Amino acid sequence: MTATDLADVEYVVHSLAQTAVDKEKEFGDLDAVVGDGDLGYSLARGFEKVLHDWDSFKRDDVATFLQQIALAISSRIGGTSGPLWGTAFLRASAAAKAVDTIDGAAAVAMLRAAAEGIMARGGASLGDKTLLDALVPATDELERQLAAGAGPAECRAAFAKTVRECADATSTLQARRGRASYSGERSIGSPDAGAVAVAIIIEHIIEGWDRR
């Protein structure tokens, strides 16, 4: 893999981490609507660790770097978020190890691996009103854009647009996983906090991509 591959992945992870820390209150408020309100706190504590230890992570290649991130997150985030996000990064790391360069197809493979890891670890499926209901359709759209020959900027824009639309659309679903599921039908009418958090994180990543 090239130095550019690693630099791109470093940017994505750093932007994700910084957004999670900066948006702690917003993510917590979203989660408090029908959940236990700890999403913002949990993500912020985990990604604070990532930012604090940033310079110490091994950077032999993309896979090694992502594995280090997974370990840092898992050691710090409590509740269900730690295992889920840690597994997502570990699965993405394994997908990165299987490719020679981080191109669009590799990005799709890494996103799919992360989503599959979350499904396996959390027992969630599409339609259960989780972040998967935003991440998976957005990944599908990214793959469609790539297959249609869209350019990088167009692919990034389509990915961000789809993840936001799908996150907002989770308001029509009833939560079937996590603390929000205890609310039953009362969970209908508000979007899933995790899905919205993922949308916000991805929007920040895409917005800053060309300004690097």
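Criteria and thresholds
What you see as residue numbers is a count from 1 along each chain, following the sequence as written. The predicted origin of the model limits local features to residues at a pLDDT of at least 70 and limits the giving and counting of side-chain atom pairs to 80 or more, whereas totals for whole chains, interfaces and linings rest on all residues. Hydrogens are left out, water is left out, and the side-chain values use all remaining heavy atoms of the structure. Helix and strand assignments follow DSSP, with helices taken as H or I runs no shorter than four residues and strands as E runs no shorter than two, numbered in order from the N terminus. Contacts were defined at the residue level, with two residues in contact if any of their heavy atoms lie within 4.5 Å. Each accessible area is a Shrake-Rupley result for a 1.4 Å probe, and residues are judged covered by the shown protein chains and nothing else. Charge counting treats Lys and Arg as positive and Asp and Glu as negative, with His and both chain ends excluded. Every charge is mapped to an atom, namely NZ of Lys, CZ of Arg, CG of Asp or CD of Glu. Multiplying one less than the number of residues by 1.5 Å gives the expected span of a helix. For cavity detection a 1 Å grid was placed over the protein atoms alone, and a set of points counts as a cavity when a 1.4 Å probe fits there but cannot get out; an open set counts as a pocket when protein lies on both sides within 12 Å along at least five of seven lines, with lining residues being those that have an atom within 4 Å of a point. Grid points are joined across faces, edges and corners, and a volume is the space filled by probe spheres set on the points. When residue character is reported, Ala, Val, Leu, Ile, Met, Phe, Trp, Tyr, Cys and Pro are called nonpolar, Asp, Glu, Lys and Arg charged, and the others, Gly included, polar.

1. Brief notes about the overall build of the protein
No. 1: Of regular secondary structure, the protein possesses nine helices and zero strands.
No. 2: The N-to-C order of helical and strand elements in the protein reads α-α-α-α-α-α-α-α-α.
No. 3: Dimensions of the protein along its principal axes, counting C-alpha atoms only, are 50 × 40 × 30 Å.
No. 4: Restricting to contacts in the protein with at least 6 residues of sequence separation, those with at least 24 account for 66%.
No. 5: When the accessible surface of the protein is split by element, carbon and sulfur atoms take 52% of a total near 9900 Å².
No. 6: Of the side-chain charges in the protein, 22 are positive and 31 negative, and the distance between the mean point of each set is 4 Å.

2. Re the environment of Gln-67
No. 1: Within the fold, Gln-67 resides in helix α4 (residues 62–76).
No. 2: Residues Gln-67 and Phe-57 lie 10 residues apart in sequence; the distance between their C-alpha atoms is 9.4 Å.
No. 3: Sequence-distant contacts of Gln-67, that is, excluding residues within four places in its chain, are made with Leu-90 and Ser-93.

3. A word on helix α5 (residues 81–97)
Two residues of an α-helix separated by three or four positions point the same way, owing to the 3.6 residues in each turn.
No. 1: With 17 residues, α5 extends 24 Å from end C-alpha to end C-alpha; this agrees with the ideal 24 Å at 1.5 Å per step.
No. 2: Taken together, the buried residues of α5 touch α1 (3–22), α3 (39–52), α4, α6 (104–122) and α9 (193–209).

4. Things to note about the layout of surface pockets
No. 1: Each pocket or cavity is described by its volume, and for the largest pocket that value is around 1000 Å³.
No. 2: Lining of the largest pocket is provided by 34 residues; of these, Val-12, Ala-107, Leu-111, Phe-159 and Ile-205 occupy positions nearest its centre.
No. 3: Elements with a minimum of two residues in the lining of the largest pocket: α1, α5, α6, α7 (132–147), α8 (152–169) and α9.
No. 4: Within the lining of the largest pocket, the residues separate by chemical class into 29 nonpolar, two polar and three charged.

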